[in-house]
Each structure stands twice: as C-alpha cells, then as structure tokens.
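# Chains, contacts and geometry: an overview
One letter stands for each residue in the lines below.
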Amino acid sequence: TILSFINPITPEERLKSIRNLIIAPWTEEVVFRGCMVPALLGSGMSPLRVTFLAPLFFGVAHVHHAMTRLAKGERVRVVIIMTIFQFVYTSLFGSYAAYAFIRTGSVMAVTLSHAYCNWMGLPDFRFVQPHHPLYYHRMPLFVAYLCGVFAFKWGFTSTWFLPYPPQLPAMVGGVALESDIIR
C-alpha cells in the first residue's frame, strides 16, 4: 500500500517498495515493451499479434517466483497453482501494456500504469464477509468496482484520448494496416 511506501516499518520494506513501485516497472517496461514490441512490429508482425505474443514472454519472466516459494517450503501443488495464476494475470496485464504502448508509443505511460497496478494489487473482495469493517459499505464498493471495469473498457477502446492510427508500427518500419489495428 501507499502507506508502506511512505512510512515503511523496516528498511527491508522500504527497499521492497522501491523495487516494486519504481525499479521493476521501469526495467520491465523498457525491456518488454520498449525493446520487444518495436522489434516484433519491425519484423512485420501485426499489432494485434504483438499485443498477444509479447505478453507471454512477460508472463514467463515471472515464473521464477515459483523457485522462491519452493525455497520457502510451500507445497508443490500450491506453488503450481499460484504460478499458473501469476502467469495468467501478468500475461493479461502484459497484453494491456503492449496495446497501450502501441497506442501511445510511450514507455513512461506503461511504466506508470505498471507501477499503479503493483501498488494496487489484485482486487480485495474480503469486504463481503460480515465481520469485515467495510461490510456495511459493500454495495457502494461493488458499484465502484463495476464503474471501474466499465470505465477501463471504454477507455481501452475509445479514441477520445488517443487518436488512431497508432504511429509506433510506422516508426519502426512495420506496416499498420487498418485491419491490424486493435479496436
């Protein structure tokens, strides 16, 4: 959370926050979007195909967390399930980030998005349990989640913020045909 970043309890937590919120997003986006996406587009691959292929490398790059879990003594079955889950959600985020990079051409935009996702984490739905302190606010929280999902979907496909066609494929020598553009 932001509080642990601003006022962490231990120096280790401060370093972990810096790693998760600054260093990892920047380095991963430079490598997986800034270097990989233009290279794939430059090879003639369509933006749509790049949006779904490049994130698989990003997902595989997070599989090493399984070794850490195994070293901590976690059960193999749990590690396998957690690793598959992490591969899926990092690949989904990678797909979003590749799309956003193709649309904007900005490593900084996807880096900030990555840092924000690391900061927020996965949605926490424990507030639906009767003993949770936010239980009595569960309906506004559900509405807020739904509004966020619909706003994301609208913003993801809208040309209101970003015009078409994206310029990145042309900048790296790829061909950006109207049929290749993700809508």
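Use the structure listed above.
First things first, this report covers the structure right here in the doc.

Parameters and conventions
Residues numbered from 1 in each chain as written. Predicted model: local features only at pLDDT ≥ 70, side-chain atom pairs only at ≥ 80, totals over all residues. Heavy atoms only, no water. Helix = DSSP H or I, 4+ residues; strand = E, 2+ residues; numbered from the N terminus. Expected span 1.5 Å × (residues − 1). Bend = angle between axes of the 7 residues up to and from the residue. Buried < 20%, exposed > 50% of the residue type's maximum accessible area, 1.4 Å probe, protein only. Contact = heavy atoms within 4.5 Å. Axes fitted to C-alpha atoms, helices over the stretch in contact; angles between N-to-C directions. Parallel < 35°, antiparallel > 145°, perpendicular 65-115°, else oblique. Left-handed = near helix turned anticlockwise from the far one by under 90°. Nonpolar A, V, L, I, M, F, W, Y, C, P; charged D, E, K, R; others polar. Core = buried A, V, L, I, M, F, W, Y, C linked by side-chain atoms within 4.5 Å. Patch = residues over 30% accessible without salt bridge, like charges linked within 9 Å, V, L, I, M, F, W, Y side chains within 5 Å. Areas by Shrake-Rupley, 256 points an atom, 1.4 Å probe, with all protein chains shown as cover. Salt bridge = Lys/Arg side-chain N within 4 Å of Asp/Glu carboxyl O.

Time to look at helix α2 (residues 11–42). In this model, α2 (32 residues) spans 43 Å end to end at C-alpha, consistent with the 46 Å of a helix rising 1.5 Å per residue. At R19, α2 shows its maximal bend, which comes to roughly 40°. Buried within α2 we find S17, L21, A24, P25, E28, E29, F32, R33, V37, P38, L40 and L41. One or two steps after α2, the chain reaches G44, where phi turns positive at roughly 100°.

What follows is about the side chain of T111. Considering the arrangement of structural elements, one finds T111 in helix α6 (residues 107–120). Take T111: its relative accessible area is 6%, and that puts it in the buried class. Residues within four places of T111 in sequence aside, it is in contact with P25, W26 and E29.

Our next topic: the packing of helix α5 (residues 76–104) against α6. Here α5 crosses α6 at 155°, and the two axes come no closer than 8 Å. One element, α5, and the other, α6, form an angle in the roughly antiparallel class. Considering only the axes of α5 and α6, their crossing is right-handed. Here F93, Y96, A97, A100, F101 and T104 of α5 come into contact with α6, specifically with V107, A109, V110, S113, H114 and C117. Taken together, the residues that form the contact of α5 with α6 break down as nine nonpolar, three polar and no charged.

By secondary structure assignment, the location of M67 is in helix α4 (residues 65–71). Looking at M67, the relative accessible area reads 58%, which means it is exposed. A C-alpha to C-alpha distance of 8.7 Å links M67 and V79, two positions 12 residues apart in sequence.

Here we come to the nonpolar core. Nonpolar side chains in soluble globular proteins tend to end up buried together. Core analysis: the biggest nonpolar cluster contains 14 residues, and V37, L41, V50, A54, I102 and V110 have the highest contact counts within it. In terms of residue count, the dominant contributor to this core is α5 (six residues). Those residues in contact with V110 that lie beyond four places of it in its chain are E29, R33, A97, A100 and F101.

A few words now on a nonpolar patch on the surface. A cluster of nonpolar side chains, M67, L70, V76, I80, I84, V88 and L92, forms an exposed patch at the surface whose accessible area comes to about 680 Å². Of all the secondary-structure elements, those providing two or more residues to the nonpolar patch are α4 and α5. Tallying contributions element by element places α5 first for the nonpolar patch, with five residues. Checked against the element boundaries, L70 lands in helix α4. Residue L70 is classed as partly exposed on the basis of its relative accessible area of 36%.

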